Number of protein chains: 2
Amino acid sequence: MATEKNTSFGSSSGSQPLYLRLRDQLWQWIEQQPGGSQFRLPAERELAERFATTRVTLRQALSQLEGEGRIYRSNRRGWFLTPARLQYDPNKDTGFHHYVQEQGLAPRTETLQKSLIEAPPWLAALSGLAPGAPVYQILRRRYVDERAVLVEHNYLNPALCPGLLNQSTDLSIFTLLKERYQLQPAQRQLSMYAQALTGQEAEALGVSPGCAGLFIQRLSRDQQGRFLELDQEYWLHDALTVVVQVTG
Amino acid sequence: MATEKNTSFGSSSGSQPLYLRLRDQLWQWIEQQPGGSQFRLPAERELAERFATTRVTLRQALSQLEGEGRIYRSNRRGWFLTPARLQYDPNKDTGFHHYVQEQGLAPRTETLQKSLIEAPPWLAALSGLAPGAPVYQILRRRYVDERAVLVEHNYLNPALCPGLLNQSTDLSIFTLLKERYQLQPAQRQLSMYAQALTGQEAEALGVSPGCAGLFIQRLSRDQQGRFLELDQEYWLHDALTVVVQVTG
DNA sequence: AAGTGGTCTAGACCACACG
DNA sequence: GTGTGGTCTAGACCACTTT
């Protein structure tokens, strides 16, 4: 039953669908709100009423703004204005804490897990280690201004950095390798692609599954070509701009 | 009215929401379908019936798979299996056609627009040209296996490549610059970030607005540091993996 | 002309966050 | 406990694509 007469579509003129017009109205409204970067949107039901539409359609408009990286949702707490993107050069060897601070923001790293594992086949294939060879695995979550923006899996070669797991990994692993073990990567292969965050990663970042994300992988070797580190990072899509300087 | 008894949530047990279980079932079903890479999914209404749910919920599940880059939609024509991601090194100077063919795929480029414009302020700021200075502008759309995967805006310095607009730009601009003008980029700045495709770009690629995308910008200068080219690419998020090799 | 995806409504319940 | 976001239903119309 429900709908008898459905004004739905071309209702209030304009060739654009309602949710796109709503998106624009919403953004215009948001922009002229005070509150600065920590601005939080009113409840969805309230917004739906204010803009005379359904929650479903309103959420479609909100999702658009989310995809454009303008607003984001935190857990079930509501919608917030997205802070400026972090500039990130995965090729530079200044650690996370360094470049976040350099941009006037507050970094934080949480080590979620550390263990010695046996290299699974995919890791063996990538690294050149023998399948089943011992590998340090570290799982970390990183924050910018107390917003969780990425989870990171690190895999390290114990032959090159014995005892690493006894060190604190709440700062830069790169710094640790350099200062404690005199290790520096000589070759690097970077891969990155856009993909939704699912399961564990979405949960760890407190976002809903299917939230847009950016995956960055970094494979480092030393000067002899030995496997040093594999780094797999799952970022919120709206949290960063990757910047790479190349001269040649 | 409508719903009187709503089994909705924990209905068929399992702690995951229905649309996530649906996503998994759907993917499992898709994987064991014949038809290879050009596989097209049945109509949404049919799928909804087959999996005993609403179209809305089914579409939520489909959107998940879309976000994960497993399926995509073409215009209003339906859902298809996503082909393998293209490997793309924006730092390498082999043109689009070259590396697409190298991966066993069929490239195509369509020049949508060519014109001489006056540098807008943002371009002037980026390039170092004077605001209002003449700049060649080229808009192109590129295909892989007849799937439109990116639109590209090129801005070139006419002082370095006079008459470029009279050449065909349906192949590699890089090759043109190199062979016709003996120009090669010496410095490059790459930026990239994940962002939804909107308005013109979404339309040009035949995807719905808000579809996940990847933006890549490449600023090239010659050995004297003169502005050579600015390249802005809007990719479908599921069409590529960016790979950068770094030695140092 | 038929069918399909795209949009939209008016509800409802659930589970988590917060006071 | 209350409110909020998250999920879900059962429809309907529209516009485009395809037959």
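Since we're looking at a predicted model, the values are computed, not measured. (Residues numbered from 1 in each chain as written. Chains lettered and ligands numbered in written order. Predicted model: local features only at pLDDT ≥ 70, side-chain atom pairs only at ≥ 80, totals over all residues. Heavy atoms only, no water.)

### A few points about the overall build of chain A
The line we're drawing: The helix count covers DSSP runs of H or I at least four residues long, the strand count covers runs of E at least two residues long, and both are numbered beginning at the N terminus. Type-normalised accessible area, obtained with a 1.4 Å probe on protein chains alone, sets the label of each residue: buried when under 20%, exposed when over 50%, and partly exposed for intermediate values. Contact definition: two residues touch when any of their heavy atoms are within 4.5 Å.
Secondary structure assignment for chain A yields seven helices and ten strands. When the backbone C-alpha atoms are referred to their principal axes, chain A occupies close to 70 × 40 × 40 Å. Relative to its 248 residues, chain A shows a buried fraction of 54%. Long-range contacts, defined here as pairs at least 24 residues apart, represent 57% of the contacts in chain A between residues at least 6 apart.

### A short note on the side chain of B:Asp89
Residue and element names in this part refer to chain B. Just so we agree on the cut-off: As used in this structure description, the phrase polar contact means that two N or O atoms lie within 3.5 Å; if the pair is within protein, one of them must be able to donate a hydrogen and the other to accept it, and residues adjacent in sequence are counted only when both atoms belong to side chains.
The topology assignment puts aspartate 89 in the loop between strand E3 (86-88) and helix H4 (96-102). There is a polar contact of 2.9 Å between the side chain of aspartate 89 and the backbone nitrogen of asparagine 91. Apart from residues lying up to four places away in sequence, aspartate 89 is in contact with Val243, Val244 and Gln245.

### Examining the pattern of salt bridges
Residues and elements named next belong to chain A. Rule in force here: A carboxyl oxygen of Asp or Glu within 4 Å of a side-chain nitrogen of Lys or Arg is what we treat as a salt bridge.
A full pass over the atoms with the stated rule returns 28 salt bridges over all chains. The partner of glutamate 152 in a salt bridge is arginine 140, with the nearest N and O atoms 3.1 Å apart. Note that glutamate 152 is positioned in strand E6 (residues 147-156) and arginine 140 in strand E5 (residues 134-144), a separation of twelve residues in sequence. The buried category is assigned to glutamate 152, whose relative accessible area is 2%. Overall, arginine 140 belongs to the buried group, its relative accessible area being 2%. Salt bridges here are not isolated pairs; linked through shared partners, they connect Arg23, Asp24, Glu68 and Arg70.

### Some details on the pairing of strand E10 (residues 240-247) of chain A
Short version of the rule: A pair of strands is considered paired only if DSSP assigns at least 2 bridges between the two.
The element E10(A) is largely enclosed, with a buried count of six among its eight residues. In terms of strand pairing, strand E3 (residues 86-88) of chain A meets E10(A) through three bridges, oriented parallel. By the bridge assignment for E10(A), A:Gln87 is matched with A:Thr241. Two strands pair when backbone bridges link them, and E10(A) and strand E7 (residues 187-194) of chain B are joined in this way by six bridges, in the antiparallel orientation.

### Side note on the environment of B:Gly225
All names here are of chain B. Within the element layout of this structure, glycine 225 appears in the loop between strand E8 (213-221) and strand E9 (227-236). Of the residues examined, glycine 225 reaches a relative accessible area of 27% and is grouped as partly exposed. Sequence separation of glycine 225 and alanine 186 is 39 residues, and the distance between their C-alpha atoms is 7.9 Å.

### Some remarks on the protein's contact with DNA strand D
Note the cut-off: Any residue with at least one heavy atom within 4 Å of a molecule or strand is counted as near it. Here the term charged refers only to Asp, Glu, Lys and Arg, the term nonpolar to Ala, Val, Leu, Ile, Met, Phe, Trp, Tyr, Cys and Pro, and the term polar to all other amino acids, Gly among them.
Taken together, 27 residues are adjacent to DNA strand D, and A:Arg55, B:Leu18, B:Tyr19, B:Thr57 and B:Arg77 come closest. A:Arg45 is positioned with one of its side-chain polar atoms (N or O) 2.9 Å from a base nitrogen of DNA strand D. Within the side chain of A:Arg73, a nitrogen or oxygen atom sits 3.2 Å from a phosphate oxygen of DNA strand D. When residues of the surface near DNA strand D are traced back to their parent elements, those giving at least two are helix H2 (44-50) and helix H3 (55-67) of chain A together with helix H1 (18-31) and helix H3 (55-67) of chain B. A per-element tally of the surface near DNA strand D places H3(B) first, with four residues. In terms of residue class, the surface near DNA strand D is made up of eight nonpolar, nine polar and ten charged.

### Some points on the interface of chain B and chain A
Note the cut-off: Summed over both partners, the accessible surface that disappears when two parts come together, traced with a 1.4 Å probe, is what is meant by buried area.
Between chain B and chain A, the contact holds 36 residues from the first and 35 residues from the second. In total, chain B and chain A occlude about 2800 Å² of area from one another, counting both sides; carbon and sulfur atoms represent 55% of this. Looking only at chain B, the three residues that lose the most surface to chain A are B:Met192, B:Ala194 and B:Val246, adding up to 17% of its buried area. Linking chain B to chain A there are zero salt bridges. In this structure, the connection of chain B to chain A is made through 14 residue pairs in polar contact (both at pLDDT 80 or more). Breaking the side of chain B that touches chain A down by element, the ones donating at least two residues are H1, H3, E7 and strand E10 (240-247) of chain B. When its residues are assigned to classes, the side of chain B that touches chain A shows 18 nonpolar, 14 polar and four charged.

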